[in-house]
Amino acid sequence: MKTPQLPVASPRLAMRLEGLEGTARKFWSYAWHGERLDLHHGRSGTDGKRESRTFASAEDAGAFARKQVAARVAKGAWSSDLAFESSTWEQVKGSVRVPGNSEQDDDRVLILSGDVVVPHELWLDFRQGIFALDDPDAPPFAGLIVRGNLTVEGCLFNAENDFGPFLQVHGHLVATSIAIGGSRLHVTGDVMTGDFVAVYNHGSVHVGGALVARTVASDYALRVEGPVDAYRYQGQGSKVFAVSDGVEASDDPFDVKGVFVPEVVAGERVQLDKARSLLSAGKPISRPAFTSVRDAFRKLVSKKLAEPDKVKSVSLEDKGLTSLPEELFQFRRLEKLNLRRNDLRTLPEALGQLTELRELDLRGNGLRTLPESIGALKKLRVLDLESNCVWRLPDSLAECVELRTVNLVNNPYAYVRRVFGGWSQVQLMWDFPEVLTRLPKLEVVTFHGTPLRTLPRRRFDSTALKSVTVRKSLVTEVDPDLHSQLTVSVEDSAAKAAGYVGSWFRPEYVRLETFHDAKSGRYDFTEVLALLGLLLRMNIPAAAPYVTAVENFREGSQAIVRDLTWDGLNAHHVQALFTALRDALGPLGEAYPGNALIAGLRDVFAVHADGGR
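This one's a predicted model, so the numbers in the text were calculated from it and none came from an experiment. (Residues numbered from 1 in each chain as written. Predicted model: local features only at pLDDT ≥ 70, side-chain atom pairs only at ≥ 80, totals over all residues. Heavy atoms only, no water.)

Visitor: Residues and numbers for unusual backbone geometry, please.
Guide: In this structure, the amide linkage connecting Asn411 to the following residue, Pro412, adopts the cis form with an omega of 15°. Mapped onto the secondary structure, Pro412 falls in the loop between strand 29 (405-407) and helix 5 (416-420). Put simply, Ile540 and Pro541 share a cis peptide bond, and its omega is 5°. Within the secondary structure layout, Pro541 lies in the loop between helix 7 (526-539) and helix 8 (547-564). Positioned with a positive phi, Ser387 is a non-glycine residue whose angle comes to about 60°. You can see Ser387 is positioned in the loop between strand 28 (382-384) and strand 29. The backbone phi angle of Asn410 is positive, close to 55°, even though this residue is not glycine. Secondary-structure assignment places Asn410 in the loop between strand 29 and helix 5. (Helix = DSSP H or I, 4+ residues; strand = E, 2+ residues; numbered from the N terminus.)

Structural data, given as structure tokens:
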């Protein structure tokens, strides 16, 4: 994807600003004549003072004029060409489409009609700039409505995270950059800008048309009705992805440092507050050219590719990869490969080409399975699969005859639903992978937080075995003779099973949109019931006598109800949800006749199915 080409405003040859300084309204203007600037300033309504300044070059004169304009706008001045009208909130509130901010009927709203050009930054902060008050006792300005297209030849800026005047544009919006926090932005048409930063807390962005930007960096989702074209960073340490015509190139991520300037990058995160400050000062936050993870890797290994057999170790840790660079498989003598903390759900069969591999670190990927070709890694000694969603190991793993250490801690990890694409697709490792028992040199195997329900039905072949540890599983029975090689903790199985209820039966996994289509008004409880079935399978019989499991279901139900009805609405959705859950216990409970957990859940769900009665 090419970086979007955005319009660049031509330098202004003349401009007049006015604004409040204390209680006095003053003006300042310039006229640019090559190396000379003619300046005019003073109190509004007076002749003011005129002066001329000559600079070494026209560029220096223009730079001085732009700096002066920026400084005065920052103090609250605005272009005198802007023909503002004023209305009350009561008069316009029926046509305002932004979320409310406790506006009062006598609050005032500024209005600009027609296609408007703001020849400088536009500040969206209460009592600042265009929202400054002549009379400090007058009702405040709640926002700005532009009844046409709006062009801002500078940054559209809001400094306060918690609040700010709204901006509603009835046409399209074009701005050099956008950097907002608590202000609410609603544009009926398209938005075209350079760098776009939206800092959490209480702000909102709604674009009725398309959004075209150089970059978009935000820690909350922007609502865009049309297609998006931008390099998008969605906060919380995520990667940057190129989005073209609304389609995200998820297989080609960018590190934040490959897109944003060092001043706004801390570790793997974009510091949004700092980015907003730089944009407000007219400074760039994105690099002139962007480098993806793959491009960075190619650049890194370009010299090594000349002699690929000399490369023994490669680290691609924390790169947001969803697939592996093809160049990686040219390093046929590779002995150590670090792929920690990416987004690899599967690995290619080409992995088997790395036949010299000794160590393979796959922690924290959401990996579901291993390729059959892993059996070709005859020299592999260490296989680290911690914090993934591995639910099976291929039989070919038995061919890894040098394998000594296998780490299967925390499978599945926290993002299991996202990894599988829904609860109805989730697969878990219920049975101990017996392929591990056939590894001749195995020394250490660790299961911790993996929902195993059964242990191997054969003894380990390895005579070098040191420890096989199974903790926080769902295992309830151990054969002291067959399983003498294992250290198994069965006493924590009930707590682990009930803990899954506390972790998964929560508002973030049972949202209204997961079971109700607002457009059609139809319910679909497939995902919610799949979650219920999964939790029952995990808890029966491991969590008997089920006291904690039932209580976790009760607390989760109450939290879900609170989340769904926080605004006093949706009580009918709550009843529909818990009626479906209660009724599903019939067919789901057939596999567990007379089970106490099923009986307890009928009471828990019935409370909310009956409207809390």
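Now, onward.
Visitor: Residues and numbers for the pattern of salt bridges, please.
Guide: Going through the model one piece at a time under the given rule, you end up with 36 salt bridges. Across the salt bridge formed by Lys93 and Asp105, the nearest N and O atoms sit 3.0 Å from each other. Of this pair, Lys93 sits in the loop between helix 2 (89-92) and strand 7 (108-113) while Asp105 sits in the loop between helix 2 and strand 7, placing them 12 residues apart in sequence. Residue class for Lys93 comes out partly exposed when judged on its relative accessible area of 38%. Each of Glu402, Arg404, Lys441, Glu443 and Lys466 takes part in salt bridges that share partners, so that together they form one network. (Salt bridge = Lys/Arg side-chain N within 4 Å of Asp/Glu carboxyl O. Buried < 20%, exposed > 50% of the residue type's maximum accessible area, 1.4 Å probe, protein only.)

Visitor: How would you explain the sheet that holds strand 25 (residues 313-315) if you had to name every residue and give the values?
Guide: Within the open sheet, the eight strands sit side by side as 25-26-27-28-29-30-31-32. Their pairing is parallel. If you trace the sheet from one side to the other, it starts and ends with strand 25 and strand 32 (486-488), each paired once. Between one strand axis and the next, the sheet turns by 5° as a mean value, whatever way the strands run. As judged from the three bridges shared by strand 27 (residues 359-361) and strand 28, these two strands associate in the parallel manner. Considered in strand 28, the bridge of Leu360 is made with Leu383. (Pairing = 2+ DSSP bridges. Axes fitted to C-alpha atoms, helices over the stretch in contact; angles between N-to-C directions.)

Visitor: Before we move on, could you go through the packing of helix 9 (residues 571-589) against helix 10 (residues 596-609) and cite the residues and values that matter?
Guide: Two numbers describe how helix 9 lies on helix 10: the axes approach to 8 Å, and their chain directions differ by 160°. Looking at the two axes, helix 9 sits roughly antiparallel to helix 10. Viewed along their axes, helix 9 and helix 10 form a crossing whose handedness is left-handed. Counted together, Val574, Gln575, Phe578, Thr579, Leu581, Arg582, Leu585, Gly586 and Gly589 of helix 9 and Ile598, Leu601, Arg602, Phe605, Ala606, His608 and Ala609 of helix 10 form the full contact between these two elements. Taken together, the residues that form the contact of helix 9 with helix 10 break down as nine nonpolar, five polar and two charged. (Parallel < 35°, antiparallel > 145°, perpendicular 65-115°, else oblique. Left-handed = near helix turned anticlockwise from the far one by under 90°. Contact = heavy atoms within 4.5 Å. Nonpolar A, V, L, I, M, F, W, Y, C, P; charged D, E, K, R; others polar.)

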